[in-house]
Amino acid sequence: MGLLQIFDPSAKPTPVGIDLGTTNSLVAWVSDGEPTSILDCDDDPIVPSVVAFLPDGQTIVGKEALAYLYSQPSETIVSVKRYMGRGHNDAETARERGYHFAPMREGQANVVRFVVHGREVTPVEVSSLILKELKRRAEEKLGSVSGAVITVPAYFDDAQRQATKDAARLAGLEVLRLVNEPTAAALAYGIGTQRTRGTYAVYDLGGGTFDITVLSLDDGVFQVRSTGGDSQLGGDDMDRAVALAMLAQAGETEPFSQANWRAAMIEARRVKHELTDRPASTFALSLGQREFAHELTREAFDALILPVVERTGPACRRALKDAGIKPAELDGVVLVGGSTRVPLVRAYVKKLFEHEPLTDIDPDQVVALGAAVQADILGGTQQNDALIVDVLPLSLGVETMGGIVEKIIARNSTIPCARAQQFTTYADGQTGFDIHVVQGERELARDCRSLARFTLRGLKAQTAGAARLMVTFRVDENAMLTVSAKDEATGLEQSVEVVPSYGLSDEDVEQMLMDSYEHAEEDLKLRQLTERIVEAEQVISATHKALDKDGDLLDEDERAELDGALRALADSIASRDSEGIRLRTEALDRASVPLAERRMNRAMREAMKGRTVESVEGDVAHARGVDAHVSDHAQRRES
């Protein structure tokens, strides 16, 4: 008979830290000032991130679910984190061979849906079951849980973060905060050690995601200086490379059966773990009526996974460049994630950063331990008042005329933060604004990630450029974005919490940055061309309106010159000649000077009709008095 756990009924609920991982998940808490993972009855802190759905409707989570990987591979979900916040037609969904996916039907949100025993489940539901198991484990140990700090990859976008929060809510957990995994790891290293100051790189290679973060520690302040990574790169990709090679060695050709593919992936993972400590292992697989076995040496394994490991290099070099430091200037490199146990990964990190990696804390547990420290701080029981200053991984902005992106919050800005920018109308009589929120580093909206759209209606109809719209972006400590737009004339305001229906594709994170560098010159030229076209079209429109109303003020030669300038500018726009547009816009401005002067004179004559000289002089004197009063008031305020 097991021992009964006795709880103090007067004890306060305890905050916990949760590492919701691709391969494994953990929950930890702070006991007597030290972060500690919560163990099961076998003294194991790890809960495999595996959920098996049985025909009778039951679900099994963790170690027990592993047994169903062979017997019902399509109904046993692994690595669900890779599907969080992702779309039905996403590349990650398309390349997965082991599951049945429900087709997207009209009216449904564009999210992944697994089909298990005739019913559909989303990644959010699967993740919530893992979180429920972690919560159950914590409650068995602590009695009750007050809330949780949950870690996410630094490069998770808004959709993926929101999906994580939704899963927690479905599991009955209050999310105290989402913390980036590398930051949590640094927090674990900064508490209870002598490393209270310095600059560190955190290399986090897990089962399904990769993050690289450069941060500074200064007496409890954790300042993230740069971050990068790939939300679709990890140990699963190593397993996939090995599985594909071994199936090819066995004479199997694609498309593989679901059973064979799942069995090959499981065996590849086992071999990967075994080769961590041994020079060779045997890859064994049952393929229908025949058996396949092949010895895999560590050298051969390294050759298969080298392309995967090397994919982490560009993000690391870019993170160092963004932080403005060289590898030799680092005080250390922290390894996080189970995939960093692979000898090739450690050798690659040592060569890349010119430092022997730090492995003081178990890389599988370090993230959960750091999350527990942050939970303890937020719960008000931690005496060490550590402060985490995280950054935004990608720029946020809005689309303006011509499809140009106006960045409002730049990448690597510290969060939480808020930024505002003023915009105006493009057309006369415009009574609404369409706000298109985008994320990315390119100059045109079509090359960035669309996050949300909303409309502010009911504006007072005015001439183009008269209205003033203030657009404000707010990013909270969980990197969740809220956008508001306010018309300063009427006070009308509209806001939206940006919750996209699906996450980034494989390339949308790392590729966004790569593209921004590779196409920088091209993008700037295209932006300049677009801006000149927009400006030229506005000038043409305004000139035609002036001619329609006051064209009689010009003689035939002046009208002919102006019409010729209009045609020349229109031709330059049609040919997309950037320099030609600039020159011909200036030529049109010069040709329209006589019309502008005579229109002004006509307007003044109309305004003066029926007025006496004395009344005009009185208005001028009053205006001067107002100006003097304003100037005097301004001077007093400055003094």
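Residues numbered from 1 in each chain as written. Predicted model: local features only at pLDDT ≥ 70, side-chain atom pairs only at ≥ 80, totals over all residues. Heavy atoms only, no water.

1. Concerning the overall build of the protein
Moving on, step 1. Helix and strand content of the protein: 18 helices and 27 strands.
Moving on, step 2. Going through the 639 residues of the protein one by one, you find that 52% of them count as buried.
Moving on, step 3. A fraction of 67% describes how many contacts in the protein between residues 6 or more apart in sequence connect residues 24 or more apart.
Moving on, step 4. Of the roughly 29,600 Å² of accessible surface on the protein, a fraction of 50% belongs to carbon and sulfur atoms. (Helix = DSSP H or I, 4+ residues; strand = E, 2+ residues; numbered from the N terminus. Buried < 20%, exposed > 50% of the residue type's maximum accessible area, 1.4 Å probe, protein only. Contact = heavy atoms within 4.5 Å. Areas by Shrake-Rupley, 256 points an atom, 1.4 Å probe, with all protein chains shown as cover.)

2. Here's the deal with the confidence of the model for the protein
Moving on, step 1. Overall, the predicted model of the protein reaches an average pLDDT of 81, with 84% of residues at or above 70.
Moving on, step 2. Low confidence marks residues 1–10, where pLDDT is under 50. Its contacts with residues over four positions away, or in another chain, come to seven contacts.
Moving on, step 3. Residue range residues 500–510 is modelled with pLDDT below 50. Its contacts to residues more than four positions away, or to other chains, number 46 contacts. (pLDDT = per-residue confidence, 0-100.)

3. Brief notes about helix 11 (residues 343–353)
Moving on, step 1. All of the buried residues along helix 11 are L344, V345, Y348, V349, L352 and F353. Within helix 11, the buried residues cover an arc of 140° as seen down the axis, which keeps them to one side.
Moving on, step 2. Within two residues after helix 11, E354 carries a phi angle of roughly 60°, on the positive side. (Arc of directions from axis to C-beta.)

4. Thoughts on helix 8 (residues 258–274)
Moving on, step 1. Between the first and last C-alpha of helix 8 there are 24 Å, a value that for 17 residues agrees with the 24 Å anticipated at 1.5 Å per step.
Moving on, step 2. For helix 8, the set of buried residues is N260, W261, R262, A263, A264, M265, I266, E267, A268, V271 and K272.
Moving on, step 3. For helix 8, the secondary structure elements touched by its buried residues are helix 2 (68–71), strand 7 (76–78), helix 7 (235–249), strand 15 (280–287), strand 16 (290–297) and helix 9 (298–310). (Expected span 1.5 Å × (residues − 1).)

5. Some words on the sheet that holds strand 19 (residues 396–400)
Moving on, step 1. Read across the sheet, four strands follow the order 20-19-23-24 without closing on themselves; strand pairing throughout is antiparallel. Every interior strand has two partners, whereas the edge strands, strand 20 (404–409) and strand 24 (449–457), have only one. Taken pair by pair, the neighbouring strands of this sheet meet at an average axis angle of 30°, ignoring direction. (Pairing = 2+ DSSP bridges. Axes fitted to C-alpha atoms, helices over the stretch in contact; angles between N-to-C directions.)

6. Examining the pattern of salt bridges
Moving on, step 1. One pass over the structure, following the stated rule, counts 31 salt bridges.
Moving on, step 2. With a shortest N-O distance of 3.1 Å, E356 and K350 are connected by a salt bridge.
Moving on, step 3. For E356, a relative accessible area of 55% corresponds to the exposed category.
Moving on, step 4. Judged by its relative accessible area of 42%, K350 is partly exposed.
Moving on, step 5. With its nearest N and O atoms 3.1 Å apart, the salt bridge here joins E586 to R582. With a gap of four residues between them, E586 and R582 both fall in helix 16 (residues 578–591), about one helical turn apart.
Moving on, step 6. A relative accessible area of 34% places E586 in the partly exposed class. (Salt bridge = Lys/Arg side-chain N within 4 Å of Asp/Glu carboxyl O.)

7. Let's talk about the packing of aromatic side chains
Moving on, step 1. Within the structure shown, the criterion is met by nine aromatic pairs.
Moving on, step 2. With a centroid separation of 6.2 Å and 75° between ring planes, the pair formed by Y99 and F101 is classed as edge-to-face.
Moving on, step 3. For F101, a relative accessible area of 22% translates into the label partly exposed.
Moving on, step 4. Aromatic ring contacts, followed pair by pair, group Y83, Y99, F101 and F114 into a single cluster. (Phe/Tyr/Trp six-rings, centres within 6.5 Å; stacked < 30°, edge-to-face > 60°.)

8. Description of the pairing of strand 23 (residues 432–439)
Regular strands place side chains that alternate from one sheet face to the opposite one.
Moving on, step 1. Summarising burial for strand 23: six of the eight residues are buried, a large majority.
Moving on, step 2. Inspection of the sheet shows strand 19 paired to strand 23 by three bridges, in the antiparallel sense. Opposite L396, over in strand 23, you have Q439 as the bridge partner.
Moving on, step 3. Pairing between strand 23 and strand 24: eight bridges, direction antiparallel. For V437, the partnering residue across the bridge sits in strand 24 and is A452.

9. Looking at a negative patch on the surface
Moving on, step 1. Taken together, the side chains of D555, E556, D557 and E561 make up a negatively charged region of the molecular surface.
Moving on, step 2. Tracing the backbone shows E561 in helix 15 (residues 556–575).
Moving on, step 3. Judged by its relative accessible area of 51%, E561 falls in the exposed class. (Patch = residues over 30% accessible without salt bridge, like charges linked within 9 Å, V, L, I, M, F, W, Y side chains within 5 Å. Lys, Arg positive; Asp, Glu negative; His and termini not counted. Charge placed at Lys NZ, Arg CZ, Asp CG, Glu CD.)

10. Structural notes on the packing of helix 7 against helix 9
Moving on, step 1. As a packed pair, helix 7 and helix 9 sit with axes 9 Å apart at the nearest point and diverge in direction by 135°. One way to sum up the angle between helix 7 and helix 9 is to call them oblique. For the crossing formed where helix 7 meets helix 9, the hand is right-handed. Residues D237, M238, A241, V242 and A245 of helix 7 touch helix 9, and the partners they reach there are F301, L304, I305, V308 and V309.
Moving on, step 2. For the contact of helix 7 with helix 9, a count of residues per class yields nine nonpolar, no polar and one charged. (Parallel < 35°, antiparallel > 145°, perpendicular 65-115°, else oblique. Left-handed = near helix turned anticlockwise from the far one by under 90°. Nonpolar A, V, L, I, M, F, W, Y, C, P; charged D, E, K, R; others polar.)

11. Focus: the environment of K165
Moving on, step 1. Mapped onto the elements, K165 comes out in helix 5 (residues 158–170).
Moving on, step 2. For K165, a relative accessible area of 22% corresponds to the partly exposed category.
Moving on, step 3. A sequence separation of 37 residues divides K165 from S128, and the C-alpha atoms of the two residues are 9.6 Å apart.

12. Regarding the side chain of D237
Moving on, step 1. Inspection of the secondary structure assignment puts D237 in helix 7.
Moving on, step 2. Judged by its relative accessible area of 6%, D237 falls in the buried class.
Moving on, step 3. There is a polar contact of 3.2 Å between the side chain of D237 and the side chain of R82.
Moving on, step 4. Polar side-chain contacts of D237 include one of 2.8 Å to the backbone nitrogen of G234. (Polar contact = N/O pair within 3.5 Å; in protein donor to acceptor, adjacent residues only side chain to side chain.)

13. Observations regarding the nonpolar core
Moving on, step 1. If you look at the biggest cluster of nonpolar residues, it comprises 47 residues, and the most contacted ones within it are V16, I18, F114, L131 and I150.
Moving on, step 2. Residue contributions to this core peak at eight residues, all from helix 4 (residues 123–142).
Moving on, step 3. The contact partners of F114, leaving out residues within four places of it in the chain, are I77, V80, Y83, Y99, H100, F101, R119, E120, V121, T122, P123 and V126.
Moving on, step 4. Judged by nonpolar contacts, the second largest core, of 46 residues, contains L247, F283, V342 and F353. (Core = buried A, V, L, I, M, F, W, Y, C linked by side-chain atoms within 4.5 Å.)

14. Some words on the sheet that holds strand 5 (residues 50–53)
Moving on, step 1. Across the sheet, which stays open at both edges, the three strands sit in the order 6-5-7 with antiparallel pairing between neighbours. At either end of the open sheet lies a strand with only one pairing partner, and these are strand 6 (59–61) and strand 7. Going across the sheet, the axis of each strand differs from the next one's by a mean of 20°, ignoring polarity.
Moving on, step 2. Bridge analysis of strand 5 against strand 7 gives three bridges, and the strand direction is antiparallel. Note on strand 7: the bridge partner recorded for V50 is V78.
Moving on, step 3. Strand contacts of helix 4: strand 5, strand 6 and strand 7, with the helix running at about 110° to strand 5, the strand carrying the most contacts.

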